[in-house]
Amino acid sequence: MTWILSWPLSFLAFVKAQLVLLLLRVLSAGPIPRHVAFEMDGNRRFARRAGRRALEGHSDGFHTLKQILEVCMRLRIRCVTVYAFAIENFNRPPDEVGALMKLAEENLVEIAQNGALLSQYGVRLNVIGHRELLPAHVQVAIEKAEGMTRQNSRAILNVCAPYASHHEITLAVQSVVQQALDKDNFDSSTITEQSIEENLLITLGGSPPLDIFIRTSGVKRLSGFLQWQCCENTQIHMVDTYWPDFGLRDFVPILLDYQRKVWARSNS
């Protein structure tokens, strides 16, 4: 086996890439989820473990996001939703929040520009959350990035920032109640579970029902992310891996489990 180690690294990388593509083709032959969500947790702990700054962990996390997003697109997963920044994250140290805002501003435009990942796979970007809380320069970057992908229709990337489920649900309820009040004859029966769901920010962005929810870092709670969308048909996975380390070795077993359960339901 030592002769393999003498091969040029570029050749070994090529072989690895081809094996990954083969694996994805095999997976895509089975049932594929329409909507997968990632609660990208553990960036700071990943950095601390390596004796690095928190911002470096977030940068590594963005690199992982690009890799996983490309895997999802190759599998033809229709929608990917990621938890990028919680409303409560504004309580973190100001220098960390400022650095995250700058990173977000740069990265959103980077992945949306012509020829980049979202353009390559025809992905429309939706930034979902209480956007008015963001600095003006980040809001401008969001509008620019969303505009660059507005015509894309093959897939959807929802970036939740700054986001909290209670805020999304509150907005939906307010909208449904206002719609009922605006009618000539108020009818409270129009305020239903379905009408609220139809007015959720995630739904308004065109996202299908959530099939798989994944949280990294070993924490076993939703933490205000997609609490309405996580229903009895959603497969929830809490994995121990920190987000920057998350890869195919973590994702493939989850996808295989999804396929096994779909096949089991179809045969029952």
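Further up the page is the structure itself.
Residues numbered from 1 in each chain as written. Predicted model: local features only at pLDDT ≥ 70, side-chain atom pairs only at ≥ 80, totals over all residues. Heavy atoms only, no water.

1. What about the sheet that holds strand β4 (residues 155-160)?
Thinking step 1. The parallel open sheet is built from six strands, whose spatial order is β3-β4-β2-β1-β5-β6. On the outer flanks of this sheet lie β3 (123-128) and β6 (235-238), each paired with one strand and no other. The sheet shows a mean angle of 15 degrees between the axes of neighbouring strands, taken without regard to direction.
Thinking step 2. One ladder, built from five bridges, connects strand β2 (residues 79-83) with β4; its direction is parallel. (Pairing = 2+ DSSP bridges. Helix = DSSP H or I, 4+ residues; strand = E, 2+ residues; numbered from the N terminus. Axes fitted to C-alpha atoms, helices over the stretch in contact; angles between N-to-C directions.)

2. Overview of the side chain of Thr234
Thinking step 1. Relative to the helices and strands, Thr234 is located in the loop between β5 (212-215) and β6.
Thinking step 2. Relative accessible area serves as the criterion here: at 8%, Thr234 is assigned to the buried category.
Thinking step 3. Filtering out sequence-adjacent residues up to four positions away, Thr234 remains in contact with Leu210, Asp211, Ile212, Phe213 and Gln229. (Buried < 20%, exposed > 50% of the residue type's maximum accessible area, 1.4 Å probe, protein only. Contact = heavy atoms within 4.5 Å.)

3. Structural notes on the state of the cysteines
Thinking step 1. Per the stated rule, a full pass over the model turns up zero disulfides.
Thinking step 2. Free of any disulfide, Cys72 has its nearest cysteine sulfur in Cys79, 10.0 Å distant.
Thinking step 3. On the basis of relative accessible area, Cys72 is assigned to the buried category, the value being 0%.
Thinking step 4. Here Cys160 stays unpaired: no disulfide links it, and the sulfur of Cys79, its closest cysteine neighbor, is 9.3 Å away. (Disulfide = S-S within 2.5 Å.)

4. Focus on the packing of helix α5 (residues 94-112) against helix α7 (residues 136-149)
Thinking step 1. Look at α5 against α7: their axes get within 9 Å of each other, and the N-to-C directions meet at 15 degrees. As far as their axial angle goes, α7 and α5 are roughly parallel. Our pair here, α5 against α7, has a crossing hand that is left-handed. Here Met101, Glu105, Leu108, Val109 and Ala112 of α5 come into contact with α7, specifically with His137, Val138, Ala141, Ile142, Lys144, Ala145, Met148 and Thr149.
Thinking step 2. Within the contact of α5 with α7, the residues separate by chemical class into nine nonpolar, two polar and two charged. (Parallel < 35°, antiparallel > 145°, perpendicular 65-115°, else oblique. Left-handed = near helix turned anticlockwise from the far one by under 90°. Nonpolar A, V, L, I, M, F, W, Y, C, P; charged D, E, K, R; others polar.)

Purely geometric stuff here, so don't read any function into it on its own.
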